Amino acid sequence: MRDPERRPAGPHGTALRLTVLLGEGDQYHHRPAYAEIVHRAREAGLAGAGVFRGIEGFGASGLVHTTRLLSLSEDLPVAVVVVDEAPRVRAFLPELEELTRDGLVLLDEVEVVRFPGRDEATDGEPTGGGPTGEAGGGGAGA
């Protein structure tokens, strides 16, 4: 499991953002591929992951999927975003080989300027955005 004291990318500094673009209908063993990626990222102890559903997009097929047309709204674009230190993200890449046959996998170096719930206040207590000290939805981009 994760070490709760480990602070990915600082809390300030550089990190690596992994973005996997795939279709909402993409499956891995009868489970949405995006869900499998998120669960494996958590099992690998990565700092955070989020899934974002698109309202319109197209991929290699060239067919535009959109929420505006009922017949084409079944396989909307999905982006899975994972952020952590570069070596940890790169070590996770082999996991994607079997999960993303048709997905596009992108890596970007990013600068972390704020890590909600991980920054320490002057008294050593965690800071946060909510009444319980939690900083919102959690994960990448939350």
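In this text the structure is predicted, and so the values were computed from the model without any measurement.

With that settled, consider the overall build of the protein chain. Along the protein chain, the regular secondary structure elements total 2 helices and 8 strands. For the protein chain, the sequential pattern of α-helices and β-strands runs β-β-β-α-β-β-β-β-α-β. Counted over contacts in the protein chain with a minimum sequence separation of 6, partners at least 24 positions apart contribute 72%. Of the roughly 9000 Å² of accessible surface on the protein chain, a fraction of 52% belongs to carbon and sulfur atoms.

Further remarks concern unusual backbone geometry. Even without being a glycine, H29 presents a positive backbone phi close to 50°. Locating H29 in the fold gives a position in the loop between β2 (27–28) and β3 (31–32). Since its relative accessible area comes to 64%, H29 is described here as exposed. Unusually for a residue other than glycine, H30 sits at a positive phi of about 65°. Mapped onto the elements of the fold, H30 is located in the loop between β2 and β3. Assessed through its relative accessible area of 81%, H30 is described here as exposed.

A few words on a nonpolar patch on the surface. On the surface, a nonpolar cluster with roughly 230 Å² of combined accessible area is contributed by L21, L104 and L106. Within the secondary structure, L104 sits in strand β8 (residues 104–112). Accessibility expressed as a relative area gives 46% for L104, which makes it partly exposed.

About the criteria used
- Residues numbered from 1 in each chain as written.
- Predicted model: local features only at pLDDT ≥ 70, side-chain atom pairs only at ≥ 80, totals over all residues.
- Heavy atoms only, no water.
- Helix = DSSP H or I, 4+ residues; strand = E, 2+ residues; numbered from the N terminus.
- Contact = heavy atoms within 4.5 Å.
- Areas by Shrake-Rupley, 256 points an atom, 1.4 Å probe, with all protein chains shown as cover.
- Buried < 20%, exposed > 50% of the residue type's maximum accessible area, 1.4 Å probe, protein only.
- Patch = residues over 30% accessible without salt bridge, like charges linked within 9 Å, V, L, I, M, F, W, Y side chains within 5 Å.
- Salt bridge = Lys/Arg side-chain N within 4 Å of Asp/Glu carboxyl O.

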